Amino acid sequence: MSAPSEGATVGARSASPAPEDAPPVCARGLVKRYGDITAVDHVDLTVRAGDVYGYLGPNGAGKTTSLRMALGLIRPTAGTVELFGRDPLVVGARALQGVAGFVEAPRFYPYLTGRKNLELCAALDGGEARERIGAALDIVDLAPRARHKVAGYSHGMRQRLGIAAALLREPRLLVLDEPATGLDPAGMRDMRRLIRRLAGEGITVLLSSHLLAEVEELCDRVAIIRTGRVVYEGDLAELKRTAAGDYLLRTTDDVIAARVCNSRPDIRQLRHHGSELRFSADEPAVAALSIALIEAGAAITALAPETASLEDLFFRLTEGDQGDSGAHPEVSEASQSNGGSGAAQPAAVAAGGHR
């Protein structure tokens, strides 16, 4: 059975030993070019064991192309990637031991039931995968619909069935590409709960998304990609701390307050916003400023730190002169690799079929 290139669910059952301390994902200098277009430009990623790692970027920024290279589904133009210390281009499907998930969207036979599709996936994996079908369906809350044809499933149910297929492989690393895209608010809530539950069970999660709320709620570490380049990688909390130090100030006399702020070299980037003043400073400078304002006769009615949201930081890092122009290569990549066929196939990349 041929493996699908579009909407693939990945996983493998056996592999040679790898270093115990190797991170789940380690990518260095990943590049993917399509003719004159560079879709991914020297991307470095490190996903540590236990991370819920958000790979965040606008549509077309290169997220899916990066994941395809990481899983060995397409060959990078340059750079390397290892999964638990194994390079998929060197050892093939054996690199996928302990790895499962889906890229773009999971695909199933619509005329078969959810359980039958999982049985096909389990048959490709072999071993005890078939015995885990019931538990996987319970985890994703699809047991009541397991004997219904997939053609009657909602988009959210198909996404959850894709996660069930991944869980058959008992993954240590779960790769999810835009799992909440296209879901209604209730479906998005259920997906977040499911991911949080799996992470709580010790599974490392690599989650690509353009949904800021999803990443902010679920992830502890992030990489932000813009037009093929990673512009930030690290702890989400640290990213927010880099934007700390901005304050909002309201007083009974804005003229005096502005004069006092301008007279102090440790008060930076003073801006007027209607009846408010905003500035940047460290905490000792703010404490000294509050005393100086009172002494100058400007009573403080509000003085508070401003915490940048992930949305603020995201736009700060991803907006600029380099706008997305035209369709990104990853949009058409799947149709090119499978000859444009839209036929649904079981969502599995079996060890024997992976190249």
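Preceding this paragraph is the structure being described.
The present account deals with the structure reproduced in this document. Since the model is a prediction, treat every value here as computed from it, not as a measurement. (Residues numbered from 1 in each chain as written. Predicted model: local features only at pLDDT ≥ 70, side-chain atom pairs only at ≥ 80, totals over all residues. Heavy atoms only, no water.)

**Side note on the sheet that holds strand β13 (residues 276-280)**
At step 1: Pairing within the open sheet is antiparallel, and its four strands lie in the order β12-β13-β11-β14. Strand pairing shows two members of the sheet lacking a second neighbour, β12 (268-273) and β14 (300-306), which therefore form its edges. Each strand of the sheet is rotated relative to its neighbour by a mean of 20 degrees, with strand direction disregarded. (Pairing = 2+ DSSP bridges. Helix = DSSP H or I, 4+ residues; strand = E, 2+ residues; numbered from the N terminus. Axes fitted to C-alpha atoms, helices over the stretch in contact; angles between N-to-C directions.)

**Remarks on helix α9 (residues 254-262)**
At step 1: Along α9, the residues that are buried comprise I256, A257, A258, V260 and C261.
At step 2: On the buried face of α9, the contacting elements are β11 (246-251), β12, β13 and α10 (283-296).
At step 3: One side-chain oxygen of the residue at the start of α9 lies 3.1 Å from the amide nitrogen of V255, identifying that residue as D253. (Buried < 20%, exposed > 50% of the residue type's maximum accessible area, 1.4 Å probe, protein only. Contact = heavy atoms within 4.5 Å. Polar contact = N/O pair within 3.5 Å; in protein donor to acceptor, adjacent residues only side chain to side chain.)

**Focus on the environment of D21**
At step 1: Relative to the helices and strands, D21 is located in the loop between β1 (9-11) and β2 (25-34).
At step 2: With relative accessibility at 72%, the residue D21 sits in the exposed group.
At step 3: Sequence separation between D21 and F84 is 63 residues; the distance between their C-alpha atoms is 8.1 Å.

**Observations concerning the sheet that holds β2**
At step 1: Taking strand neighbours across the sheet as the criterion, the three strands line up as β3-β2-β5 in an open arrangement whose pairing is antiparallel. Strand pairing shows two members of the sheet lacking a second neighbour, β3 (37-47) and β5 (78-82), which therefore form its edges. Pairs of neighbouring strands in the sheet enclose a mean axial angle of 20 degrees, with direction left out of account.
At step 2: Across seven bridges, β2 lies against β3 in antiparallel orientation. Bridge pairing links A27 to L45 in β3.

**Some thoughts on the nonpolar core**
Side chains of a nonpolar character, in soluble globular proteins, are inclined to be buried together.
At step 1: Membership of the largest hydrophobic core comes to 49 residues, with the highest contact counts inside it found for L118, L161, I163, L168, L176 and L239.
At step 2: Sort the elements by how many residues they give to this core and helix α5 (residues 155-167) lands first, with seven residues.
At step 3: The contact partners of I163, leaving out residues within four places of it in the chain, are F102, V140, L176, M191, L194 and L198.
At step 4: With 26 residues, the next largest nonpolar core counts Y53, A61, L96 and V99 among its residues. (Core = buried A, V, L, I, M, F, W, Y, C linked by side-chain atoms within 4.5 Å.)

**Quick look at unusual backbone geometry**
At step 1: Even without glycine at this site, H42 takes up a positive phi of about 55 degrees.
At step 2: Along the chain, H42 turns up in strand β3.
At step 3: Phi at E104 takes a positive value of approximately 70 degrees, unusual for a residue other than glycine.
At step 4: Relative to the helices and strands, E104 is located in the loop between β6 (99-102) and α3 (114-125).
At step 5: Exposure remark for E104: the relative accessible area of 25% places this residue in the partly exposed category.

**Considerations on the pattern of salt bridges**
At step 1: A full pass over the atoms with the stated rule returns 19 salt bridges.
At step 2: A salt bridge links D51 to R48; its shortest N-O distance comes to 3.9 Å.
At step 3: Overall, D51 belongs to the buried group, its relative accessible area being 5%.
At step 4: Given a relative accessible area of 41%, R48 falls into the partly exposed group.
At step 5: We note a salt bridge from E119 to R130, for which the minimum N-O separation is 3.6 Å. Here E119, found in helix α3, pairs with R130, found in the loop between α3 and α4 (133-139); they are eleven residues apart in sequence, far enough to count as distant.
At step 6: Residue class for R130 comes out exposed when judged on its relative accessible area of 52%.
At step 7: If you follow the salt bridges from partner to partner, you end up with R48, D51, R221 and D235 in one network. (Salt bridge = Lys/Arg side-chain N within 4 Å of Asp/Glu carboxyl O.)

**Re the pairing of strand β9 (residues 221-226)**
At step 1: With six of six residues buried, β9 lies mostly within the body of the structure.
At step 2: Judged by which residues are buried, β9 turns out to be covered on both faces: R221, A223 and I225 on one side and V222, I224 and R226 on the other are all buried.
At step 3: Note that strand β4 (residues 52-56) and β9 share four bridges and pair parallel. Within β9, the position partnered with Y55 by the bridge is A223.
At step 4: Where β9 folds back onto strand β10 (residues 229-235) in an antiparallel hairpin, the turn is made up of two residues, including T227, whose phi is positive at roughly 40 degrees.

Spatial relationships are all this shows, so hold off on functional conclusions.
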